[in-house]
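Each chain, written out:
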Amino acid sequence: MPVITYRDALGAAIREEMQRDDRVFLMGEEVAVYQGAYKVSKGFLQEFGEMRVVDTPITELGFAGVGVGAAMVGLRPVIEFMTWNFALLALDQVVNAAAKMLYMSGGQYKMPIVFRGPNGAALQLSAQHSQAWESWLAHIPGLKVIAPGTPYDAKGLLKSAIRDDNPVCVLEGEMLYNTKGEVPDEEYLIPLGKAELKREGEHCSIITHGKMVLVAMQCADQLAKEGINIDVVDLRTIRPMDVEAIGESVKKTNRAVVLEEGWEMCGVGAQVVDYIQRDCFDYLDAPVVRVHQADTPMPYAKGLEKAAKPDLPKAIAAVRKVMYLD
Amino acid sequence: MATKVFMEALSPTMEEGRLVKWLKNEGDAVKSGEALAEVETDKAIMELVARGDGVLRKRLINEGDSAPVGTLAGVIATADENIDALIAGAGSPAPAAAAPAPEKVVAGQQETAGASSVPRSGEEAQAEASTPPQQKVADIPPAISGGAPRTPVAPAAPAGNAAPAKGDVRSSPLARRLASERGLDLNGVQGSGPNGRIIKRDIEAAAAAGAAAPRAAAAAAPSAPVIPREGDFHDEPLSSIRKTIARRLGESIGPIPTFYLTAEFDLTRVMEMRKAMAELGDEFKVSVNDVLLKATAVALSQHPEVNAHWLGDKIRYHNRVHLGMAVATADGLIVPVIWDADRKRMSEISREAKELAKRARERKLKPEEFTGSTFSVSNLGMFGIDQFTAIINPPEAGILAIGTSEEKLVVVNGESVVRNRVRVTMSCDHRIIDGAVGAKFLQTLRRLIENPLMLVY
């Protein structure tokens, strides 16, 4: 099977969907001539032309709104934000227009739009450009939110997102664009709302998504050397959340760590823990432990940034705590 | 830190245990999970395991003596740790207490007799159980023979002083569920989690202590009673299991208003079916008993009003059918359970029934294998008993007694023909089952047994 990068997997997903359906188009800052700030749309302008690969001014609220209008009249826009940090300016269109249009029009307008872009902290981009937005977006009824952690999932989920008739927010990992993985040439789709058990173990579950999937896998590798076998549940979709997959894993292992990039307060992990306490109460052998970013704006200083971010040592410490090993 | 060794509840109904044999000497190093002693419960011989690391500093129950659950049985500590305070209340044989006042022991006994229905305080229990034989006053019988008639404490009552403090047993939700499923009393389990929290591994250790019994049981199982050649009788002290049988069945025949329904079923088609199956190969052979178990389970699933427990202030009707099957062993009766018997195929029931009976006879049953039945069956057919009445296994609503299956002359359509027949008698707790309800259940059972193809319907 070919091994390609996460960025190429995303590009392939959009390209295939644009080839398949001429209502699909890509719009955003630097997507055409510059071929994408992260080179996801490499070669797109040449292949599809400027009607379907549209460069915009630095106007997030404006082009998000153009996308919403296009979706209302039957097109299937893919809106690229250079990062989700910039999409903050467009949230009125995402939350108040896209998420509510089907509801407020009494079902008259579908909203087949994808908002996508890098999410979470990279390296030393400081407080304003190092944020994970999934809990913000997943809070909103009417939105679907996905956070692929591997090239294979990125392609399969993005294709499903483009074909979905509802607004889907795609949170890509800025640090994941260069990661590689096996992606088949043949077409495949991954359904939204389905988690995947990325690794099987019986001692403790790690429930995670996006970039933290890699950390969870490393954590599982490391602990396996000590004879601790981890069940790694990759949510893949934050909303709607695959509650059954969470329950199945926790009922098996009786212990859980929830690992995410975002902040603790009202985070995705808080929702996961709520599901666990409701559905798995009689199966818990220890309180659930969460791993997340420190409750502070992301520091610029390298050492402080490292201290604030969830990482492998923190994940391992959390598993050891939940296993009563320390 | 020192770890106390308690007489633990090693079976769901255990109230006291007889310390058969210490496996460690005072001064031996022990590790958590290691067997310290063999203990005879009311069901089997189990291992009492260490709940901490260190040196077995003190053994406080003598081999052969019985002690109530919760009694301090020993102390594990580091080699130089001062453990005087821990054993002070336990009638320490240390020089200062070399001659414990006999009155105190007597008082303990009397109090036990006087307040027989309430759990004894740990101190009294310890005082009695740990008194070395040479210090026993002649007229105080050893605890095993139960000098004072001791009404057993209800199984749900707090078991002695194993718990840190009343109402303060910390446990994970999972541990609580597992303990309740296995009929374990959390008071008898020591927690290894933070703040002494009882977690899954502690429950498993307690259950494993039960599972570890077989090896010890093989060595120490009482042999069949031998009648002395000279002499007309021999006396044998009550074994724990006989005491339990007496207590449980006494409870049953006393307060339970029982009535009996007898019916005779035709086995012609069952025999045809068995023959047809056996012709397909030995692996398809099933016994009449297997068919009866399966049919009873299916009938119970259709009559939840019979598949019930009497709980004093309420009746619990079970949605699942866990069929108890009485098994005679060298030591006495035990009732292993086929879980979800109505949902199991006949081959599974056949295999499981054989396996459970075998393990019952070898005293290898785990506690969860002989608890939780919702209805029971007793079969004395193999002894040529035509019919009999079985005693209800409380809190169940009924029990089915199966007689021998044999050829009989019966009248069918005015003609005498020879048919295979079996007589079953159902004992019913009238507080739960009325006559017509029991009769309808037997009607269903008759339909299933006389038309065994219905079992696949």
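A quick note: this is a predicted structure, and the numbers were derived from the prediction, not measured.

A. Region of the structure containing helix α8 (residues 268-279) of chain B. End to end, α8(B) covers 17 Å across 12 residues, agreeing with the expected 16 Å (1.5 Å per residue, within 8%). Residue Gly281(B) follows α8(B) closely and has a positive phi angle near 145°.

B. Molecular detail of the pairing of strand β17 (residues 398-412) of chain B. Residues and elements named next belong to chain B. In the sheet, strand β16 (residues 375-379) pairs with β17 via four bridges, with the strands oriented parallel. Bridge assignment links Asn 379 to a residue of β17, and that residue is Ile 402. Between β17 and strand β18 (residues 415-429), which follow one another and run antiparallel, lie two residues, and Asn 413 among them has a positive phi close to 50°.

C. Here's a closer look at the sheet that holds strand β3 (residues 29-30) of chain B. Residue and element names in this part refer to chain B. Across the sheet, which stays open at both edges, the four strands sit in the order β1-β8-β6-β3 with antiparallel pairing between neighbours. The open sheet has two edge strands with one neighbour each: β1 (3-6) and β3. Summarising the sheet, β1 and strand β8 (residues 72-77) pair through four bridges and their orientation is antiparallel. Its bridge partner lying in β8, Val 5 is registered against Gly 74.

D. Local environment of the interface of chain B and chain A. The interface is formed by nine residues belonging to chain B together with eight residues belonging to chain A. Grouping the amino acids of the side of chain B that touches chain A by side-chain chemistry returns five nonpolar, two polar and two charged.

E. Representation of unusual backbone geometry in the model. Cis rather than trans, the peptide bond between Arg239(A) and Pro240(A) has omega equal to 0°. Looking at where Pro240(A) falls in the secondary structure, it is placed in the loop between β12 (237-239) and α10 (243-253). In this model, Pro394(B) is joined to Pro395(B) through a cis peptide bond whose omega is 5°. Even without glycine at this site, Glu30(A) takes up a positive phi of about 65°. Note on placement: Glu30(A) falls in the loop between β2 (24-28) and α2 (44-48). Residue Glu30(A) is classed as partly exposed on the basis of its 17 C-beta neighbours within 10 Å.

So, how was this worked out
- Residues numbered from 1 in each chain as written.
- Chains lettered and ligands numbered in written order.
- Predicted model: local features only at pLDDT ≥ 70, side-chain atom pairs only at ≥ 80, totals over all residues.
- Helix = DSSP H or I, 4+ residues; strand = E, 2+ residues; numbered from the N terminus.
- Expected span 1.5 Å × (residues − 1).
- Pairing = 2+ DSSP bridges.
- Contact = placed C-beta atoms within 7 Å.
- Nonpolar A, V, L, I, M, F, W, Y, C, P; charged D, E, K, R; others polar.
- Buried ≥ 20, exposed ≤ 12 C-beta atoms within 10 Å, placed from the backbone.

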